[in-house]
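# Chains, contacts and geometry: an overview
In case you want the letters, here they are:
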Amino acid sequence: MGNRLIGYGSYLPERVVANQDFEKIMDTSDEWIVTRTGMRERHFARDDETVVDMATIAAQRALDNAGLTIDDIDLVIVANVSAELDFPSVGCQVLGRLGAKNNAPAFDVRGACTGFIYALHCARGFFTSGMHRRIMLIGAEKMSRFIDYNDRSTAVLFGDGAGALIFEHSTSSYSGIIDTVIMSDGTEFDMLHGSPDHHIMMNGPETYKKAVQLMPDAANYIMEHAGITADNVDWIIPHQANLRIIQSCAQRLEFPLEKILVTVDKHANTSGASGVLALAYAFDNDIIKRGQLILYPAFGSGLTWGAALIRV
Ligand code: ACO
């Protein structure tokens, strides 16, 4: 049993924070941020704007795009690590906000920057088993909640936003979520984690080294597993952590840069929302066309890493 993509939606908060805005409040520069990360601006949610608010808007836009209502969805999975409430799940809250009456289940996955790949992996399993027929996947993060303005090495790296995709069952195995792989290594937990006072603790150089090794590894693994080569892939949408990481991955994979989608300059690192926001941006701007094959590798706190192959 396969699946196909039938709708997408996204939401970015109105407030745009440029590198120059950081220059005013900490010892940094636009030049440093652009050179080290490729980031130019990011969106920050309002103080009263929550992960659930953003996820709900993205979800409604995906439903509108698919021509469906929330009662047509029989499972919601949300990738996020930044929800304001420990419980209930963002998924349940989104169903409530949208007035779902069909008792569909919902749960969140906490795979950090790999979270959306974890969600895609779950969805693929549910379609393969035939347990669910129409699944909404949401990536939603308010990473600005975690910013420590006394730590310039992490403060400039993150942004907020949400994206949603709706897949439905299909008899074709050549569309939708074609393949996924997810992995983790908890022994490397110290490299990148949240602190009890909700700040991001990161060893930047070590994280960088791991990212440029593990994202290409996951990409190569999934291409081999699916029996395809780089020539079959139309676009790579890497997790948008840092432009230098993205370029290094492209080089290791011997992928031309024209096939790599980059939104890190506009959105910065939105963790579990980064890949789905990038895909929505590419649809909105007619960059990626329906029917093309996307390779989406990601890496994040956990450590977690993985990749997905999606024919959109
Ligand atoms: N502005 C100006 N200078 C800065 C800033 C800043 N914002 N931040 C750090 N510096 C300084 C440092 O203090 C250091 O100064 P020093 O040499 O006087 O000590 C210098 O710049 C170099 O610091 P490095 O940490 O070595 O800089 P590096 O080139 O490694 O770049 C960066 C830092 C951008 C964080 C890089 O290591 C990186 O991208 N790492 C991966 C980060 C990442 O992808 N994280 C997300 C993972 S996914 C997830 O799950 C959240």
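Conventions and cut-offs
- Residues numbered from 1 in each chain as written.
- Predicted model: local features only at pLDDT ≥ 70, side-chain atom pairs only at ≥ 80, totals over all residues.
- Heavy atoms only, no water.
- Near = heavy atom within 4 Å.
- Polar contact = N/O pair within 3.5 Å; in protein donor to acceptor, adjacent residues only side chain to side chain.
- Helix = DSSP H or I, 4+ residues; strand = E, 2+ residues; numbered from the N terminus.
- Nonpolar A, V, L, I, M, F, W, Y, C, P; charged D, E, K, R; others polar.
- Domains from an automatic or database assignment.
- Pairing = 2+ DSSP bridges.
- Axes fitted to C-alpha atoms, helices over the stretch in contact; angles between N-to-C directions.
- Contact = heavy atoms within 4.5 Å.
- Buried < 20%, exposed > 50% of the residue type's maximum accessible area, 1.4 Å probe, protein only.
- Buried area = accessible area lost by both parts, 1.4 Å probe.
- Salt bridge = Lys/Arg side-chain N within 4 Å of Asp/Glu carboxyl O.

## Quick word on the site of the ligand
Lining the immediate environment of the ligand, one finds 26 residues, of which Thr 28, Arg 36, Cys 113, Asn 242 and Ser 301 sit closest. Take Thr 28: an N or O atom from its side chain is 2.6 Å from a nitrogen atom of the ligand. The contact in question runs from a nitrogen atom of the ligand to an N or O atom on the backbone of Gly 204, over 3.0 Å. Mapped by element, the contributors of at least two residues to the shell around the ligand are α2 (30–37), α6 (152–155), α7 (204–226), α8 (243–253) and β12 (293–300). In terms of residues, the shell around the ligand owes the most to one element, α7, which gives four residues. Looking at side-chain class alone, the shell around the ligand contains 12 nonpolar, 10 polar and four charged residues. When residues are assigned to domains, the shell around the ligand turns out to be shared by domain 1 (2–170) and domain 2 (176–311), each giving three or more.

## Observations concerning the sheet that holds strand β7 (residues 160–170)
If you walk across this open sheet you meet the five strands as β1-β7-β6-β4-β5, and the pairing is mixed. The open sheet has two edge strands, β1 (2–11) and β5 (106–109), and neither has a second partner. Taking each pair of neighbouring strands and ignoring which way they run, the sheet shows an average axis angle of 20 degrees. Alignment of strand β6 (residues 134–142) against β7, held across nine bridges, turns out to be antiparallel. Paired with Lys 142 across the bridge in β7 is Asp 160. Here helix α3 (residues 51–66) sits on the sheet in contact with β1, β6 and β7, set at roughly 125 degrees to β1.

## Focus on the environment of Ser 89
Its place among the elements puts Ser 89 in the loop between β4 (75–79) and α4 (90–97). Taking relative accessible area as the criterion, Ser 89 reaches 17% and is therefore assigned buried. C-alpha separation for the pair Ser 89 and Ala 106, spaced 17 residues apart in sequence, amounts to 7.5 Å. Once you skip the residues sitting within four places of it in the chain, Ser 89 turns out to touch Ala 106, Phe 107 and Asp 108.

## Let's talk about the sheet that holds strand β11 (residues 235–236)
Taken in spatial order, the four strands make up an open sheet running β8-β13-β12-β11, and their pairing is mixed. Each edge of the sheet is formed by a strand with only one pairing partner; in this case those strands are β8 (176–184) and β11.

## Comments concerning the domain arrangement of the chain
Quoted interface sizes are often the accessible area lost when the parts come together. According to the domain assignment, the chain consists of domain 1 (2–170) and domain 2 (176–311). Between domain 1 and domain 2, the C-alpha centre-to-centre distance is 15 Å. A per-residue breakdown of the area domain 1 buries against domain 2 is headed by Tyr 8, Cys 113 and Ile 117, which together make up 17% of the total. At the surface where domain 1 touches domain 2, the tally comes to one salt bridge. Between Asp 179 and Arg 124 there is a salt bridge; the shortest N-O distance is 3.6 Å. Where domain 1 packs against domain 2, one counts 18 residue pairs in polar contact (both at pLDDT 80 or more). Listed by contribution, the elements that provide at least two residues to the side of domain 1 that touches domain 2 are β1, α2, β3 (41–44), α5 (115–129), β6, α6 and β7. Its residues assigned to classes, the side of domain 1 that touches domain 2 shows 25 nonpolar, 16 polar and 11 charged.

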